[in-house]
Amino acid sequence: EGFARIVRRGGYANPEYGVRALTWTQTITLYRGVKRIDYCTELDWEGQDCRIAADFPLSIDPGPEALYEIPFGILARPHGIHSSDQLGIEDEWPALNWFACHDQARNCSVVLMNRGLPGSRVKDGHMQLSLLRSPTVLEFANEGAVDHGRHVSEFAVTTCPGAPEAADPVFAGLRYNNAVGCVPATAKAGDLPPTASSLANEATNVVIPAIKRDAVGTLVLRMAEDYDRLLSTILIGNNIVNIGAAS
């Protein structure tokens, strides 16, 4: 069928530590020809003042910092940051679509992708993604802040030899968060060719998140180059745009 799937279920309760009831179902999927492992975790939660995370123990040395995707860029951030006693968050950073660790001595990397999860961190040789937080000590905390009920979280992991760039995590994260839907259709004759586009991007290291016309009709592209490499060619209709360098 093109994929293999494992489903795991469990539960936990410890009122002394604020966990009145927690049950979960985790679905792990491997797709043929796709170099990543997909996870979907469903939680049913009742408790407070806890943080629940997906945990990935590493068999590589993550070094002193990890790479985190931000809008239109990548930042290297240290593993240790100042924790917030008010928020109850320790050593946690936001990541747009992914964050990654690189073992320089063994020259290999692990990339962890997420779909809208609030926080990421590397601690004691583990990569972690926050699935939910349930504070009651905040000034703005109310009954809804403890996030009781059902939660569905999706994330994925991949590895590669060399630096994280070898896995092309920018495009991998975009593909993971923008899956193309397929529906059956009936073929019919038409004037257009089977494939057509007003824009062709030959620069494999360039993302084009937006294209529009301005008030006077000029075509405007928003482009981002995250790997600090030279750009090549963008083809718009019959117009070729050569870009020498990125900043």
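You'll find the structure just up there.
Residues numbered from 1 in each chain as written. Predicted model: local features only at pLDDT ≥ 70, side-chain atom pairs only at ≥ 80, totals over all residues. Heavy atoms only, no water.

Asker: Can you explain the overall build of the chain? Please cite residues and give values.
Answerer: From N to C terminus, the chain includes one helix and 16 strands. Expressed as a percentage of its 247 residues, the buried residues of the chain come to 36%. (Helix = DSSP H or I, 4+ residues; strand = E, 2+ residues; numbered from the N terminus. Buried < 20%, exposed > 50% of the residue type's maximum accessible area, 1.4 Å probe, protein only.)

Asker: Quick rundown of the sheet that holds strand β1 (residues 3–14)? Include the residues and the values.
Answerer: As summarised here, the arrangement of the eight strands in space is β1-β2-β3-β11-β8-β7-β5-β6, forming an open sheet in which the pairing is antiparallel. Of all strands in the sheet, those with a lone pairing partner are β1 and β6 (73–78), marking the two edges. Within this sheet the neighbouring strands show an average axis-to-axis angle of 20°, counted without direction. Pairing geometry for strand β5 (residues 65–70) and strand β7 (residues 98–103), over two bridges, is antiparallel. Considered in β7, the bridge of Tyr 68 is made with Phe 99. (Pairing = 2+ DSSP bridges. Axes fitted to C-alpha atoms, helices over the stretch in contact; angles between N-to-C directions.)

Asker: Account for the pattern of salt bridges, with residues named and values stated.
Answerer: This structure, assessed with the given rule, holds five salt bridges. Notably, a salt bridge pairs Arg 51 with Glu 92, separated by 2.9 Å at the nearest N-O pair. Taken together, the residues span a long stretch of sequence, with Arg 51 in strand β4 (residues 51–57) and Glu 92 in the loop between β6 and β7 at a distance of 41 residues. Take Glu 92: its relative accessible area is 10%, and that puts it in the buried class. (Salt bridge = Lys/Arg side-chain N within 4 Å of Asp/Glu carboxyl O.)

Asker: Break down the pairing of strand β14 (residues 219–225) for me, citing the residues and quoting the values.
Answerer: Two strands pair when backbone bridges link them, and strand β13 (residues 206–213) and β14 are joined in this way by six bridges, in the antiparallel orientation. Residue pairing in the sheet places Val 206 in a bridge with Glu 225 of β14. Connecting β13 to the antiparallel partner β14 that follows it, the hairpin turn spans five residues, and Gly 217 within it adopts a positive phi of roughly 95°.

Asker: So what's going on with a nonpolar patch on the surface? Residues and values would help.
Answerer: Taken together, the side chains of Phe 3, Tyr 31 and Val 34 present a nonpolar region at the surface, about 230 Å² in accessible area. Here Val 34 shows up in the loop between β2 (19–31) and β3 (37–47). Assessed through its relative accessible area of 34%, Val 34 is described here as partly exposed. (Patch = residues over 30% accessible without salt bridge, like charges linked within 9 Å, V, L, I, M, F, W, Y side chains within 5 Å. Areas by Shrake-Rupley, 256 points an atom, 1.4 Å probe, with all protein chains shown as cover.)

Asker: Go over the nonpolar core with me, naming the residues and quoting the values.
Answerer: The biggest cluster of nonpolar side chains holds 28 residues, and the ones touching the most others in it are Phe 56, Phe 99, Met 127 and Phe 155. Those elements that provide at least two residues to this core are β2, β3, β4, β5, β7, β8 (108–114), β10 (126–133) and β11 (149–161). It is β10 that contributes the most residues to this core, four residues altogether. In contact with Met 127, other than residues within four places in its own chain, are Ala 54, Asp 55, Phe 56, Leu 58, Phe 99, Ala 100, Cys 101, Val 110, Leu 112, Arg 121 and Val 122. By size, the runner-up hydrophobic cluster in this structure holds eleven residues, among which are Trp 98, Ala 100, Ala 156 and Phe 171. (Core = buried A, V, L, I, M, F, W, Y, C linked by side-chain atoms within 4.5 Å. Contact = heavy atoms within 4.5 Å.)

Asker: Which residues make up the sheet that holds strand β9 (residues 120–123), and what are the values?
Answerer: Strands sit in the order β4-β10-β9 across an open sheet of three strands; the sheet is antiparallel. Both edges of this open sheet fall to β4 and β9, since each of them pairs with a single strand only. Strand-to-strand, the axes of this sheet are offset by a mean angle of 30°, without reference to chain direction.

Asker: Report on the packing of aromatic side chains, specifying residues and quantitative values.
Answerer: For the coordinates displayed, the defined rule picks out five aromatic pairs. Taking the centre distance of 5.3 Å and the plane angle of 10° together, the rings of Tyr 39 and Phe 155 count as stacked. Of this pair, Tyr 39 sits in strand β3 while Phe 155 is found in strand β11, placing the two residues 116 residues apart along the sequence. Exposure remark for Phe 155: the relative accessible area of 1% places this residue in the buried category. Ring geometry for Tyr 68 and Phe 99: centres 5.3 Å apart, planes at 10°, overall stacked. Pair noted here: Tyr 68 is in strand β5 and Phe 99 is in strand β7, with a separation of 31 residues, a long-range link. Take Tyr 68: its relative accessible area is 0%, and that puts it in the buried class. (Phe/Tyr/Trp six-rings, centres within 6.5 Å; stacked < 30°, edge-to-face > 60°.)

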